[in-house]
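# Breakdown of the fold
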2 protein chains.
Amino acid sequence: MQIVTDPAAMQQLALTWRARGERIVLVPTMGYFHAGHLSLMEYGRTQGDHLVVSIFVNPTQFGPQEDLDRYPRDLDRDCELAAQQGVDLIFAPAAGQMYPPGYQTFVEVTEVTQGLCGVSRPTHFRGVATVVLKLFNLVQPQVAVFGEKDYQQLITIQRLVADLNVPVAVVGRPLVREADGLALSSRNVYLSPAERQAALKLSQALFRARDLAAQGERSRERLFAAITPLLQSEPRLRLDYLNLLDNQTLAELPTIQHTARLAIAAYVGQIRLIDNILLEVP
Amino acid sequence: MQIVTDPAAMQQLALTWRARGERIVLVPTMGYFHAGHLSLMEYGRTQGDHLVVSIFVNPTQFGPQEDLDRYPRDLDRDCELAAQQGVDLIFAPAAGQMYPPGYQTFVEVTEVTQGLCGVSRPTHFRGVATVVLKLFNLVQPQVAVFGEKDYQQLITIQRLVADLNVPVAVVGRPLVREADGLALSSRNVYLSPAERQAALKLSQALFRARDLAAQGERSRERLFAAITPLLQSEPRLRLDYLNLLDNQTLAELPTIQHTARLAIAAYVGQIRLIDNILLEVP
């Protein structure tokens, strides 16, 4: 497995592959891999000739009060795990190479980024859209694989790619959970045992809503009435949002026609966690 | 010469060329060709295997009070002229194909776009940056050729490409003038004979400044004092801006070190004209 840190060298290699008609798959990550990342690599391995995983904790997607400095990092361990998944190349640039002095260009997806995490993180998706477009230009993938854990991010990137005519298929893959339901996140390492217990309420609430929808419940009002007490029962948990959304446009839905996405964000102590689930009414 | 209007068909063709290792050159235009456009094609013809000229009057770079509706168009004549220049493919999409319903993504280059034309046209460069990036993704050029007539546009695109790691060489080519000095522009057709005469003051002022710089004059103040009376002597001419700029950053310069760009914009009747020139102090 190759490790490349220089953006120009990465692009040179990618353009050589493309000029030979070869197929490149990119899994963009911020590193500190868990089973969710590894499942994206496992899928990506089947989709092309070159499997590239980028590791870049992107400063422009963190707000000034957020956890950029303490975001967990372990490049050696990540490389070992990636090699085990059959990854061909790790692209791990430095922030100064991605945003050199004089840098001044940003990409904005203006609508799907407005609600949900866009409310508490107003510059987050601008940073995500910008860095992902840079990574697409550097790695030149035909296929890019993202986790559905960051569902609003996935929809933002799919919108970006369609609007700017970027020739890449953006594939969303199911999020991965612990046996007890907790959605995997690199930030979970910061949860104390008590906080981790409290965090389980998120997935428990989503599962309850999924079951109610499967039994025929279409009303947002009644779904929220059923799960809000569960969330409020945990004093360590402070809800940021709970929304019922159209799967593609992220428009808020008063009722479910066939499917919808239920998305939640909450603080547990200092840690902000997100989760989401697909609801299907038969 | 091929004429393609469907963006998906254009991209499919371009990706096929790229996968064969072939070299694509793009000359992006709004059509209604004059000798300036043709000189870009003539240069572009020498730079690769496939010479693509795009013709698209991009609505997002026109302000609400601007001349989108009356911008001159003549696709048949343009195709004839392009064929004579050895162009391989004209890409002429419809606005609805470039900005379908739900479109919501924009690219902003935040600094070099602030002064000059960015003052009177606050959304212009956002529209330019966005459409040019879309065209780059659709046509997949290794080389793109722009005229120096729109100098701030050229610098904006060079900045965009560097910042977003787009693998394309953005080449600026000298603007083309009439024998009497008037910079060629598709908008010149709207000038009455008297207005056309008045418009000559722009290039006359630039030439005078170029000559003074060549004789050793470095001071913006003295250069402007020398040419302002020339501009004020013409009642049909209303100055928008006159600026002395760093060639790359477009920062305003009080004095010329070695070279600088002198840029001017003025209204002649209803028509807004721009021009610029390189100043070199020996």
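Residues numbered from 1 in each chain as written. Chains lettered and ligands numbered in written order. Predicted model: local features only at pLDDT ≥ 70, side-chain atom pairs only at ≥ 80, totals over all residues.

The next subject is the environment of Ile277 of chain B. Residues and elements named next belong to chain B. Its place among the elements puts Ile277 in strand β10 (residues 271-280). Ile277 gets classed as buried once you count the C-beta atoms within 10 Å, which come to 22. Residues contacting Ile277, with those up to four places away along its chain left out, are Leu206, Arg210 and Leu262. (Helix = DSSP H or I, 4+ residues; strand = E, 2+ residues; numbered from the N terminus. Buried ≥ 20, exposed ≤ 12 C-beta atoms within 10 Å, placed from the backbone. Contact = placed C-beta atoms within 7 Å.)

In an α-helix, one turn spans 3.6 residues; hence positions three or four apart end up facing the same way. Residues and elements named next belong to chain A. Residues of helix α2 (residues 35-45) that are buried: Gly36, His37, Leu40, Met41 and Gly44. Taken end-on, α2 shows its buried residues confined to a sector of 140°, consistent with a single buried face. In this fold, the buried residues of α2 make contact with β2 (24-29), β3 (50-55), α3 (75-84), β6 (143-147) and β7 (169-173). (Arc of directions from axis to C-beta.)

Once that is clear, we can look at the interface of chain B and chain A. Listed by partner, the interface residues are 26 residues for chain B and 26 residues for chain A. At the level of elements, α1 (7-19), β5 (105-109), α6 (124-139) and α7 (151-163) of chain B are the ones that each hand at least two residues to the side of chain B that touches chain A. Pairing of strand β5 (residues 105-109) of chain A with β5 of chain B involves five bridges; the strand directions are antiparallel. The residue bridging Val107 of chain A from the neighbouring strand is Val107 of chain B, located in β5 of chain B. (Pairing = 2+ DSSP bridges.)

All names here are of chain A. Annotation of chain A at the domain level lists domain 1 (2-173) and domain 2 (186-277). Tallying the contact residues gives twelve residues for domain 1 and 13 residues for domain 2. Contributing elements (two or more residues each) for the side of domain 1 that touches domain 2: α5 (117-120) and α7 (151-163). Examining the composition of the side of domain 1 that touches domain 2, we find that three residues originate from one element, α7, more than from any other. Of the residues belonging to the side of domain 1 that touches domain 2, the class tally is eight nonpolar, four polar and no charged. (Domains from an automatic or database assignment. Nonpolar A, V, L, I, M, F, W, Y, C, P; charged D, E, K, R; others polar.)

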